[in-house]
Amino acid sequence: MYIEWSWVAFASTAGAALLPFPLPEPTQLFAPDRGFLDLPPKPISALAGAIFPFIFPHISHPTSKTTSTTTTKPPAVPPVTSAFPTPTPGTKGDTTNTPNLHATVGDSTAASVTSSNPGTSISSSNPGGNFCANPTPSQAPSKYWLETQDHTGSGRGKAPFIQGNTAYPVHRNVLDYGVKNDGSGKQTAALQDAINSDGQGGSREGRGVTYMPAEVFLPGGVYKLDSTLDLRLGTIIVGDPLNRPVIKASSDFVGSTLINGQDPAAGHPETTFMIALKDVILDTTDIDASAKFTALQWGIAQGCALTNVEINMPQGSLGHIGIHINGGSTIAVTDVTIRGGGIGIQNSNQQVNFKNISFNGCRTGFAGTGGFTVVLQGATFDSCGLGVDITKNSLGSMVILDSTSTNTGTLVKFHDSSKESGPRNSQLVIENHASNDGNPLAVTTNGTIVLGGQSHIDTWFFGNHIPGVFQAGGFLRTSRPRELLGSSGKYFTRQQPNYANAPASQVVNVKTVSGNPVQGDGKTDDSASLNAILRDNAANCRISYFPFGVYILKDTLVIPPGSRIMGEGWSVLSGAGSAFTDSANPRPVIKVGKKGDVGVAEIQYMRFTVAEPLPGAVIVEVNMAGNQPGDVGIWNSLTTVGGTADTTISSSCTNQDARNCMAAFMLMHLTSSSSAYIENHWGWTADHNLDGGPSPIIVSTGRGILVESTKPTWLVGTSSEHNWLYQYNFHSSSNVYAGMMQSETPYMQGLGAVQTAPAPWGVTSEYKDPDFSWCANTDQLCRSALATNVDAGSNIMLYGSAAWAFFEGRWNGLYDTPCANGVCQSNMMRVTNKPQNLVWYSISTKSSDVMVLDGSSNPREYNNPGGWSGLVQVYRQFAS
């Protein structure tokens, strides 16, 4: 991975690159409770007083200042039939204390509108689809189910590739390490030991990423820290969701950071992989409000998770920061509440999808002080001085999506780069924003109001526009497919379920099922037993708990309707053997439902991989749909090929000819019958070893993520890196939302490559492969992997693409030798066969020539400078 600090390049072992430091009028309206309605033939201004919150103006340029408007709420009307069945009555969200076993969570229930395309409605062709009842609060157990699991006996999690340490504790309850949760004392040292311990009196620090994983459990209580707590690679910190623990800085705290998420042994933020923090509360209210203090330093890389965290800081503070992301290359931060403080989130990460972040009483909610692209989705700004600050002009682009501001000052203050001759940063899209205070929505650094106070904005942008040129502010109408929306008219989201109200009897440890032995030892074929266990658990509404292990699958593992799967420390499902070796007849290793299946399938904290080169392996195939949005979901999980201790790919794939290590056919396939919600998923074909081993390694996976679904699909913070033909391929797909797609081109493509795409892989029509026929046979710059291929389809809504290319030719394992002429490949994205209503906001690329090969405008980096290399903030070549 190429690492760049301003203009200085140097070597690193990162799996993702470092960012540089300091671096005609509408005829319809949309009402969330009524769908799209025809507008009467009268001026928009005549309608504003009655229906203004739902009007979508279409104006080429705003005036430099707009005035706020006063509106009257329209009368309530009864909802019409949903494309999905009406959500189950009761709790609207998987909250901390009343989580849901059914998929009606977050903003998050189904949209109360009729499908504009009845062919995409999800109806159960499988009457046996399993939809289990929700537990009620009266059923809440006295203990969280995780505490009751076997963590010391035969059912415990084991790390099978540790030598001479058979008792290594994957799960550790901090109370067993002398940590006190009564709010007394100084608990940093004991808590650090619980994180660091190797179970033999030593430390796991610096011992790789997946080799010695740990899940550290904090029962409810108050943990008072006197100094900074450092997290470690391969670690999940999980609190009791029935009584979320409070990690609190003492008044005599020594240091300026409560929790450091960046493992000091990792080197740089971009090399800090697989760390998670969930179900906890951080508290800095005992620290002087004027002091410079950070609750959580979260400069980390892909494969990490931060979710269901609350941060409380002093009200009126000038110095406190809730989350400081001082670099790195993570993908998603989800479902976080921040109260008080000077800055809620200060971000310099390469690319992030921030989903459902609540800023309450912060002086500044979000400060973008670096990085290249941000999607701020579903944010709420309540009683904040300033919503978003990007005045430093160090952030390339931002999309503010489905957000609200209440009793808050200016929504966003930003640098105006419209008159600059060089790269133009601080480009904006604001879509579906609601405000109740009349304050300006967008103001430049010098105080010019470019978007005045309005109660609702459909879409407003400031930046590079395709087709067209840079516009210093303009209104658009974004036509959203109703199938993708929740009940509030926002894009559907869902908070990961934690099953806090599930009784222990409802959770089955897959290693303790009589008559179906499961080893998870990295060598025994567990496929038959696991298939039997998952069928039985699904039929009986049980949760399948996978203690950490490497579960070998020599046959396809089918995840049936009714499945709920929870891993420990990213438990591993690994394909192996002859069933997956034929690239002419690829087979799925993990199969989420069969075609036509309708039901629930929820998967969390799992890693999907292959134990050896398997050119016929489709690692994950999703066929199932649900009766409600989010019934089929994958959260905080990974698909990896190579680079880890559990696969021979990490040691055997060193030949520069990619034919010698055709390791997997495809990472993930979302088939035409699927409807899935996927949040914070990293798909990675390794460029280096996470757990030690030879360098470089030369690994070729044929394809990244293929999306053929025509039913609603949500990709919220995903990544697909280093795959040979493409990273994302949307083929004849419909009703797709994607928020932040991060990708990297394989390091051994481009000029001087030993194999030129599509070789060594064949082009298959069955799997809709791009054939590179638009390239000359010997043009290696052209025959490089596409970051995103959009081939026909309809209603494809893409927000925030971060597509990077760094190297060319033979891969030497060093990160200080970028492409010689600054262009690694000719075309980064491709659009073909005229998709209908393709909306694409914020496309960021590095080291390509043509940013989007569409046969029409073909926007180039040279003509659209910004961000890392090229930036198109609005691409509407095929928008409705």
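Residues numbered from 1 in each chain as written. Predicted model: local features only at pLDDT ≥ 70, side-chain atom pairs only at ≥ 80, totals over all residues. Heavy atoms only, no water.

- As annotated in an unreviewed UniProt entry, the chain carries the name Rhamnogalacturonase A/B/Epimerase-like pectate lyase domain-containing protein and is attributed to Talaromyces islandicus.

### Describing the sheet that holds strand β36 (residues 587–592)
Right, so step 1: The strand order across the open sheet built from nine strands is β34-β36-β38-β40-β42-β44-β46-β48-β50, with neighbouring strands paired in parallel fashion. Strands with a single pairing partner mark the edges of an open sheet, and in this sheet they are β34 (557–559) and β50 (848–853). Adjacent strand axes in the sheet meet at a mean angle of 15° when their direction is disregarded.
Right, so step 2: The pairing of strand β38 (residues 614–622) with strand β40 (residues 662–670) spans five bridges and is classified as parallel. In the sheet register, Val620 faces β40, and the bridge partner there is Met668. (Pairing = 2+ DSSP bridges. Helix = DSSP H or I, 4+ residues; strand = E, 2+ residues; numbered from the N terminus. Axes fitted to C-alpha atoms, helices over the stretch in contact; angles between N-to-C directions.)

### Re the state of the cysteines
Right, so step 1: Applying the stated criterion across every chain yields a total of three disulfides.
Right, so step 2: Note that Cys653 is cross-linked by a disulfide to Cys661, the S-S spacing being 2.0 Å. Its torsion about the S-S bond being 65°, the disulfide of Cys653 and Cys661 is classed as right-handed. The two residues Cys653 and Cys661 agree in class, both being buried.
Right, so step 3: A disulfide bridge connects Cys775 with Cys782, and the sulfur atoms are separated by 1.9 Å. Every disulfide takes its handedness from the sign of the S-S torsion; for Cys775 and Cys782 that torsion is -65°, giving left-handed.
Right, so step 4: Looking at Cys775, the relative accessible area reads 7%, which means it is buried. (Disulfide = S-S within 2.5 Å. Buried < 20%, exposed > 50% of the residue type's maximum accessible area, 1.4 Å probe, protein only.)

### Thoughts on the side chain of Gln755
Right, so step 1: As for its placement among the helices and strands, Gln755 is situated in the loop between β45 (734–744) and β46 (786–791).
Right, so step 2: By relative accessible area, which is 12% here, Gln755 ends up buried.
Right, so step 3: In terms of polar contacts, Gln755 uses its side chain to reach the side chain of Asp657, at 3.1 Å.
Right, so step 4: Excluding residues within four positions of it along the chain, Gln755 makes contact with Asp657, Ala658, Arg659, Trp724 and Pro760. (Polar contact = N/O pair within 3.5 Å; in protein donor to acceptor, adjacent residues only side chain to side chain. Contact = heavy atoms within 4.5 Å.)

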